Amino acid sequence: MIKQRFIASVQPYLNPTQVHESIYDIDFIELQTLGVKHLFFDVDNTLMSYSETNVSIKCMALFNDIQLIGFDTVMLMSNNSNVDRIEAVAKQLQLPAVTFACKPFVFTMRRVAADAAINLNEAAMIGDQLLTDIAMANVLNMRSIFVEPMDAEHVSGTKKMQYTFQKWLMRQ
Ligand SMILES: [Mg+2]
């Protein structure tokens, strides 16, 4: 009973608009057709695993394609407080980045959207965590696109628990 009530209360916020195995399975042309003009990407375990310091060639090629499709905004939005790490990725992909975004709290995204006059109904957040990326996007009425974490094994104990929890949530 408590379990059902809990799931019912959090579900609206943890239900992704789309679920994919990886960023490479997302149809970005379709997203544009659906009216999405702004893309926000999580970094860790969405674009690269925690153990990697560089994005792959495949990832660079994808972002090249995304640029060619022509979105108004393509931005990295990471909770990581390691500014050097995220800035390095941003440089590799030639994208603007926000670090320490405090997802699922909405204040960072709201500020970014206000500064750039972005209508969040026309924006998508792509990430590997229900409790941060997806929850924030849903609270803000953004399109929420969940991708499986790239490497759920080599992460901290807390992250492992989060991944186990979200796997359980996804099954409900
Ligand atoms: Mg992540």
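Because the structure is a prediction, the values reported are computed rather than measured.

Draft legend 1. Examining the overall build of the protein more closely. Looking only at helices and strands, the protein has seven helices and six strands in total. Going residue by residue from the N terminus, the α and β elements of the protein occur as α-β-α-β-α-β-α-β-α-β-α-β-α. Taken along its principal axes, the extent of the C-alpha atoms in the protein is 50 × 35 × 30 Å. With 172 residues in all, the protein has 31% of them scored as buried. If you take every contact in the protein between residues at least 6 apart in sequence, the share linking residues at least 24 apart comes to 64%.

Draft legend 2. Highlighting unusual backbone geometry. Following Lys 103, the chain continues to Pro 104 via a peptide bond in cis, the omega torsion being 15°. Residue position: Pro 104 is located in the loop between β4 (97–98) and α5 (107–115). Positive phi is not limited to glycine here, since Gln 94 has a value of about 55°. In this structure, Gln 94 sits in the loop between α4 (83–93) and β4. One non-glycine residue, Cys 102, lies in the positive phi region at around 60°. Topologically, Cys 102 is positioned in the loop between β4 and α5. Look at Cys 102 and you get partly exposed, because 14 C-beta atoms sit within 10 Å.

Draft legend 3. Expanded view of the packing of helix α1 (residues 2–14) against helix α6 (residues 130–139). Relative orientation of the contacting elements α1 and α6 amounts to 75°, with a least axis distance of 7 Å. One finds that α1 runs roughly perpendicular with respect to α6. Residues Pro 12, Tyr 13 and Leu 14 of α1 pack against Leu 130, Ile 134, Ala 135, Asn 138 and Val 139 of α6. Broken down by class, the residue content of the contact of α1 with α6 amounts to seven nonpolar, one polar and no charged.

Draft legend 4. Local environment of the sheet that holds β4. Sheet architecture is open: six strands sit in the order β1-β6-β5-β2-β3-β4, paired in parallel fashion. Pairing within the sheet leaves two strands with one partner each, and these edge strands are β1 (18–20) and β4.

Definitions and limits used
- Residues numbered from 1 in each chain as written.
- Predicted model: local features only at pLDDT ≥ 70, side-chain atom pairs only at ≥ 80, totals over all residues.
- Helix = DSSP H or I, 4+ residues; strand = E, 2+ residues; numbered from the N terminus.
- Buried ≥ 20, exposed ≤ 12 C-beta atoms within 10 Å, placed from the backbone.
- Contact = placed C-beta atoms within 7 Å.
- Axes fitted to C-alpha atoms, helices over the stretch in contact; angles between N-to-C directions.
- Parallel < 35°, antiparallel > 145°, perpendicular 65-115°, else oblique.
- Nonpolar A, V, L, I, M, F, W, Y, C, P; charged D, E, K, R; others polar.
- Pairing = 2+ DSSP bridges.

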